[in-house]
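Observations on chain architecture
Residue strings, one per chain:
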Amino acid sequence: MPVKLDTSYLNKFIKQHEYSQIQPLVKMAHDILQYKSENDRTAFTGWVDLPHNQDKKELEKIKSAAQKIQENSQVLIVIGIGGSYLGARAIIEFLKSNNYNLLPKDTPDIFFVGNNLSASYMQEILKICENKNVSINVISKSGTTAEPAVAFRIFREFLENKYGKANARDRIYCTTNIRSGELKELADKNGYETFIIPDNISGRFSAFTPAGLLPIAVAGVDIDRLLYGAKSAQDALMHEDINKNDCYKYAAIRRLLYNKGKEIEILETYEPRMHMFSEWFKQLFGESEAKDGKGIFPTSLDFTTDLHSMGQLLQSGKKNLFETVLLVKDPGNDIRIPYFPEDTDKLNYLHDKTVSFVNSQAALGTILAHTDGDIPNIILEISHFAAEEIGYLIYFFEKACAISCYMLGVNPFDQPGVEFYKKNMLNLLGKPK
């Protein structure tokens, strides 16, 4: 399997009989998810079958638009917030690098805006775009969410001033609802090319919809390979038995640890290009699971960097957390450590070893130390940075999240708490009733 679950560091925290005891709860969650997927198309479970149910015409349309943007643009501005951009950015950086925009390449730079309300941030991106050819992909089901709506106004004006309204039209791509909403109406009125987010898929589960696929394709990722990985996960992660389904076993472990007072999950990675994947993970679980006073608080750390700031807390702090460590067996490019005769830093014992080897030993040493310090460690390993791998991994976590929520007795697909801050903000801004 592209995602390998290692539970060997959990033996002191979870006894074997506990897995058997929680199996009926896992089966119940499995049955709910499958029932909703098959019978309730208003339940936002369209993502469950999406890998095998892709609209082939829409995929070809995405590839055609991506090629057009690659040919006529040096910069693509992706406007969206939450699930409207996190999946795409996570996949692009996972496959291309967190330094994607700085590296030499044949594809456009991609900047993500509309995910904050910082004027200085937007000014910087506008400055970067001044002497470059630019296209925009605005992603929103409604078109009225404040952050992306404000950004779209600003960057749409920039494009129209730069190219004229008629020519700007051919550089604006809208990813939105199929039938209604302010963005759909605006796109229809102005003739912008439009891509559809299915009604039964919410934003945080939308990485394999056009919301994710268009920016990903512009970055030069083979989206067929990406979807092949997701299809493989859809096929492989169907068994209700946790001993035959690592996705469900991961969800079961989360619940067992939660029952023991472990209310914080830290996703830890050892490769900088996985930072945005961790951000995607936090939204997926935080917005899905935190309901009715329940839920595990999802957070993340970038190791070994954060070991020098948070290692003390993890090793010797309050034991109300557990760690999920996401490792990459073969990270690809590597560097051998050189030999210096003077050996001032006392590192000649590492001569001719690779940096990746040192990184892997740092990971193992940390896992051993934290386990000895009474912190449960769940290990998930993928083989390398490839489109099939991240396609599988995204689906793995999506399904684990849904199963975790149903086991907890909450709806994975709504987010009522998000609306409170929006309502207050709009009232303070004086929005007409």
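Source: prediction; values computed, not measured.

About the cut-offs
Residues numbered from 1 in each chain as written. Predicted model: local features only at pLDDT ≥ 70, side-chain atom pairs only at ≥ 80, totals over all residues. Heavy atoms only, no water. Helix = DSSP H or I, 4+ residues; strand = E, 2+ residues; numbered from the N terminus. Rg over C-alpha atoms; globule rule 2.2 N^0.38 Å. Buried < 20%, exposed > 50% of the residue type's maximum accessible area, 1.4 Å probe, protein only. Phe/Tyr/Trp six-rings, centres within 6.5 Å; stacked < 30°, edge-to-face > 60°. Pairing = 2+ DSSP bridges. Right-handed = clockwise from strand over helix to strand, strands pointing away. Axes fitted to C-alpha atoms, helices over the stretch in contact; angles between N-to-C directions. Contact = heavy atoms within 4.5 Å. Salt bridge = Lys/Arg side-chain N within 4 Å of Asp/Glu carboxyl O.

On to the overall build of the protein chain, then. The helix and strand tally for the protein chain stands at 16 helices and 10 strands. The C-alpha radius of gyration of the protein chain comes to 23 Å, within 12% of the 22 Å expected for a compact globule of 433 residues. Across its three principal directions, the C-alpha atoms of the protein chain cover 65 × 65 × 45 Å. Relative to its 433 residues, the protein chain shows a buried fraction of 52%.

The next point concerns the packing of aromatic side chains. All told, the structure shown has 16 aromatic pairs when counted by the stated rule. Judged by centre distance (6.4 Å) and plane angle (55 degrees), the ring pair of W47 and F413 falls under tilted. With a gap of 366 residues between them, W47 in helix 2 (residues 46-49) and F413 in the loop between helix 15 (387-408) and helix 16 (418-429) connect regions that are remote in the sequence. What makes W47 buried here is its relative accessible area of 1%. Overall, F413 belongs to the buried group, its relative accessible area being 4%. For the ring pair F277 and W280, a centre distance of 5.3 Å and an interplane angle of 40 degrees mean the geometry is tilted. Of the two residues, F277 and W280 are both situated in helix 12 (residues 275-289); the distance of three residues between them amounts to about one turn of the helix. Across the pair, W280 and F277 agree in class, each one buried.

For strand 3 (residues 109-113), a buried count of five out of five residues is recorded, marking the element as mostly surrounded by other parts of the structure. Of the two faces of strand 3, the one holding D109, F111 and V113 and the one holding I110 and F112 are both buried throughout. Strand direction decides the pairing type here: strand 2 (residues 75-79) and strand 3, joined by five bridges, are parallel. In the strand pairing of strand 3, V75 is matched with D109. With helix 4 (residues 86-96) bridging strand 2 and the parallel strand 3, this β-α-β connection has right-handed handedness.

Taken together, the five strands give an open sheet; going across it, the order is 1-10-9-7-8, and neighbouring strands pair in mixed fashion. Each of the sheet's edge strands pairs with one partner strand only, and the pair in question is strand 1 (4-6) and strand 8 (297-302). In this sheet, neighbouring strand axes are inclined to one another by 25 degrees on average, regardless of whether the strands run parallel or antiparallel. Looking at chain direction, strand 1 and strand 10 (residues 377-384) are connected through three bridges and run antiparallel. Residue L5 lies in a different strand from strand 10, and its bridge partner there is L380. Its contacts with the sheet place helix 14 (residues 355-372) against strand 9 (321-330) and strand 10, and it is angled at close to 165 degrees to strand 10. Together, strand 7 (264-269), strand 9 and strand 10 form the strand contacts of helix 15, whose direction differs from that of strand 10 by roughly 150 degrees.

All right, on to the sheet that holds strand 3 then. Pairing in this open sheet of five strands is parallel, and the strands run 3-2-4-5-6 from one edge to the other. At either margin of the open sheet sits one strand with a lone partner, and together these are strand 3 and strand 6 (193-196). Strand-to-strand twist across the sheet, computed as the mean angle between neighbouring axes with direction ignored, equals 20 degrees. Set on the sheet, helix 6 (residues 146-163) makes contact with strand 2, strand 3, strand 4 (134-139) and strand 5 (172-176); between it and strand 4 the angle comes to about 155 degrees.

On inspection of all chains with the given rule, the structure shows 16 salt bridges. One salt bridge connects R254 with E265, and the closest N-O pair in it is separated by 2.8 Å. Placement of R254 in helix 11 (residues 246-259) and of E265 in strand 7 is noted, with a sequence separation of 11 residues between them. Pair check on accessibility: R254 and E265 agree, each one buried. When salt bridges that share partners are traced, they join E60, K63 and D224 into one network.

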